[in-house]
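Observations on the three-dimensional arrangement
Residue-level listing of the chains:
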Amino acid sequence: MSRFFTLSLVFLIFFSCTDSQVTTDNSTKKLAPPNILFIMSDDHAEQAISAYGSKMIETPHIDRIAKEGILFKNSFVTNSICAPSRAVLLTGKYSHLNGLRDNRDQFDGSQQTFPKLLQKAGYQTSVIGKWHLKTHPTGFDYWNILINQGHYYNPEMVEMGKDGGTADTSITTGYTSDVITDIALNTLENRDKAKPFCMLYHHKAPHRNWMPHPRDFGKYKNIPMPDNFWDDYKTRSTAASTQDMHVKDMFLSLDMKLMPEDYEGIPVGTGGGGGKFDPTNNWVKNNYGRMTDEQKEAWNAYYDPIRKKFRDNPLSGKELVEWKYQRYMEDYLGSVKAVDDNIGRVLKYLDDNGLAENTLVIYTSDQGFYLGEHGWYDKRFMYEESMGMPLVARFPKAIPAGQVNEDLVMNLDFAPTFLDYAGVTIPAGFQGTSLRPILAGKTPDNWRKSVYYEYFEYPHGWHSVKQHYGVRTDRYKLIHFYNDIDAWELYDLEADPKEMNNLINNEQYQTTVEELKLELKRLRKELKVS
Ligand code: CA
């Protein structure tokens, strides 16, 4: 027996013994550091995913991740807005500690993040697509990112190593979800195969202003309005009635794809989205104007008849609002479709290259979104549709298939989860908790029983949603709009899952209110808010 073979045999026996002696429990078992593919879209609501029961759209590829792994029903963000959510992902810390409270702030890339720690532990790290943090990415071996929000057609991207310069336009000509995926697949193909990879693959879609690929034009028609669309906010604080995110106020140009001549003289509502955009300086110039002739031709062939019909039969009042809802949903769902199709491409790549077994795949969105619930689009509020984020995960080696989980989990937990799988010590300052035991099917006895939330972007920024913080348990939600209105709201999610009935003054719930206020105080102290 050669010396090499003897040594190999000794190692083999040693590692087999170690492995079997550690435990057979996947929640703690030593695993080789898995690859991590973190897929995040922008503003994708659970209501638009068939695995979550959506009847509006089929999302077979996202559903596949859930079916072959786990779906979380109670997954939440700490602060329902784009850039802050991304900072929470990277740092594992709440907005008040990572310094990015709202979209006005810029990310301090010198702080500790999980990609930096994974990189140090031997991972090849990359981020492709939406970044939106104003400063250049740190902690990545490769990045190729959209500028700010990015565009749906022929997006401008900046690539690492090009001195902050534009990425190759021969690659970035096309539809954003396809382009981002092409770059992600190229990056995987050309990776250092001796290292595990951690890729953040971030879609722009379905962030407004929703512009589907021509292959998805006209696929989603006659979508039923939610039964609380015409909510009168009767029991709520004034925060719900003074927002500026009602479908009735959506921009006719930016969101509805009309030109100013299409709606000349048409009453368009009272909010900030009345359709008074300068046609020389927004979607016409920046979105339609950037298309190739071929793209414009396909666009015009579909949208010109819609514009003509609107011009020839001007709508007003309720009819106009219903028309806006249908236009909104058609374009929103059309934009989701390309995300799901492209996830299918990436899952196929993993299958075809023998990577599916040893890759943790996560699909989520930077937050949820309103698809007409309470009459709204957008996010921000602590109500379920926007505080919630879709979350499904697959990792055949350590996540039993077919699980549906109801534990309270958060975007704060991603960073510690990745470090846990990689065998890297989770820094003391990280505020989330590794999801690894839950993913393995064993929720720890001491798992969190409540979630803290805080939204900051007011009075500056869009949509006039007042600042608030609050606590959510498995059954209740207590919200405090703490600035100019100083108002509280309480919801019993078991009796009122759509949060229509604010119980803050209901006598029967006063003990619950007191308990939740104490829990809120405890959380704010523990999380170093106050
Ligand atoms: Ca977002």
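Residues take numbers from 1 onward in each chain, read along the sequence in its written order. With pLDDT at 70 or above as the cut-off, local features in this predicted model cover only qualifying residues; side-chain atom pairs require 80 or more to be listed or tallied, and sums for whole chains, interfaces and linings still use all residues. Side-chain metrics in this entry use all non-hydrogen atoms of the structure; hydrogen atoms and water are not considered.

This part takes up the packing of aromatic side chains. Each Phe, Tyr or Trp ring, with Trp reduced to its six-membered ring, pairs with another whose centre is within 6.5 Å; inter-plane angles below 30 degrees give stacked pairs, above 60 give edge-to-face pairs, and intermediate values give tilted ones. Scanning the model with the defined rule gives 36 aromatic pairs in all. Centre to centre, the rings of F310 and W323 are 4.4 Å apart; their planes meet at 45 degrees, and the pair counts as tilted. Placement of the pair is F310 in helix α10 (residues 293–312) and W323 in helix α11 (residues 317–352), with a sequence separation of 13 residues. Only protein chains enter the calculation, and the probe is 1.4 Å; a residue is then buried if its accessible area is under 20% of its type maximum, exposed if over 50%, and partly exposed in between. Here F310 falls in the buried class, since its relative accessible area comes to 2%. For W323, a relative accessible area of 18% translates into the label buried. Here the aromatic rings of Y325 and Y328 are separated by 6.4 Å at their centres, their planes lie at 80 degrees, and the arrangement is edge-to-face. Numbering of helices and strands runs from the N terminus, with a helix taken as a DSSP run of H or I at least four residues long and a strand as a DSSP run of E at least two residues long.

Coordination of the calcium ion by the protein involves D42 (OD), D43 (OD), C82 (SG), D366 (OD), D366 (OD) and Q367 (OE1), with metal-donor separations of 2.2 to 2.7 Å. Only nitrogen, oxygen and sulfur atoms within 2.8 Å of the metal, or 3.2 Å for Na, K and Ca, are treated as donors, and water is left out, so sites may look incomplete. The geometry test gives tetrahedral to four donors whose angles all lie between 85 and 135 degrees, gives square planar to four donors and octahedral to six donors whose opposite members are over 155 degrees apart with all other angles between 65 and 115, and gives irregular to the rest. Around the calcium ion, the six donor atoms sit at angles spanning 52 to 152 degrees, and that spread fits a shape best called irregular. When the donors of the calcium ion are listed by position in the chain, the intervening gaps give D-D-x38-C-x283-D-Q. Linking D42 in the loop between β1 (35–41) and α2 (60–67) with D366 in the loop between β8 (359–365) and α12 (384–387), this pair joins segments that are 324 residues apart in sequence.

Expected span, for any helix, means 1.5 Å times one less than how many residues it has. Helix length check: α10, at 20 residues, gives a terminal C-alpha distance of 27 Å against a target of 28 Å (1.5 Å per residue), a fit within 8%. Given a residue, its bend is the angle between the two axes fitted to the seven residues that end at it and to the seven that start from it. Bending of α10 peaks at approximately 35 degrees at the position of N300.

Here we come to the sheet that holds strand β12 (residues 451–455). Whether two strands pair depends on DSSP finding at least two bridges between them. In space, the four strands of this open sheet follow the order β12-β13-β14-β15, with antiparallel pairing throughout. In this open sheet, the two strands that pair with only one neighbour each are β12 and β15 (487–492). On average, each strand axis in the sheet is tilted by 15 degrees relative to the strand beside it, whichever way the strands run. Here strand β13 (residues 468–472) pairs with strand β14 (residues 476–481) via five bridges, running antiparallel. Note on β14: the bridge partner recorded for R472 is K477. What counts as an axis is a line fitted to C-alpha atoms, over the stretch in contact for a helix, and the angles between N-to-C directions run from 0 to 180 degrees.

Domain start and stop positions are those given by an automatic or database domain assignment. Examined at the domain level, the protein breaks down into domain 1 (33–210 + 338–437) and domain 2 (245–331). For domain 1 versus domain 2, the separation of C-alpha centres amounts to 30 Å. Listed as interface residues are 22 residues of domain 1 and, on the opposing side, 20 residues of domain 2. Of the roughly 1,900 Å² buried between domain 1 and domain 2 on both sides combined, carbon and sulfur atoms contribute 58%. Two parts lose some accessible area (1.4 Å probe) when they are put together, and adding that loss for both gives the buried area. If you sort the residues of domain 1 by the area they bury against domain 2, Y153, W210 and Y377 come out on top, with a joint share of 38%. By salt bridge we mean one thing: a side-chain nitrogen of Lys or Arg within 4 Å of a carboxyl oxygen of Asp or Glu. Across the contact surface, domain 1 and domain 2 share one salt bridge. Nitrogen and oxygen atoms within 3.5 Å of one another constitute a polar contact, given that in protein one can donate a hydrogen and the other can accept it, and given that sequence-neighbouring residues count only through two side-chain atoms. Scanning the region where domain 1 abuts domain 2 turns up 13 residue pairs in polar contact (both at pLDDT 80 or more). Between two residues, a contact is recorded if the distance between any of their heavy atoms is within 4.5 Å.

Okay, the packing of α2 against α11 next. The interhelical angle for the contact between α2 and α11, taken along N-to-C directions, is 50 degrees, at an axis separation of 7 Å. The angle between α2 and α11 falls in the class oblique. Between α2 and α11, the residues in contact are P60, H61, I62, R64 and I65 and D340, D341, I343, G344, L347 and D351, respectively. Polarity classes work like this: nonpolar for Ala, Val, Leu, Ile, Met, Phe, Trp, Tyr, Cys and Pro, charged for Asp, Glu, Lys and Arg, and polar for all others, with Gly in that last group. Looking at side-chain class alone, the contact of α2 with α11 contains five nonpolar, two polar and four charged residues. Each angle is binned into one of four classes, with values under 35 degrees roughly parallel, values over 145 roughly antiparallel, values of 65 to 115 roughly perpendicular, and all other values oblique.

Our next topic: the confidence of the model for the protein. With 90% of its residues at a pLDDT of at least 70, the protein reaches an overall mean of 91. Put simply, helix α1 (residues 3–22) is where the protein has its lowest mean pLDDT, 40, and strand β9 (residues 391–394) is where it has its highest, 99. Low confidence marks residues 269–279, where pLDDT is under 50. Its contacts with residues over four positions away, or in another chain, come to 27 contacts. pLDDT is defined as a per-residue confidence score from the predictor, taking values between 0 and 100.

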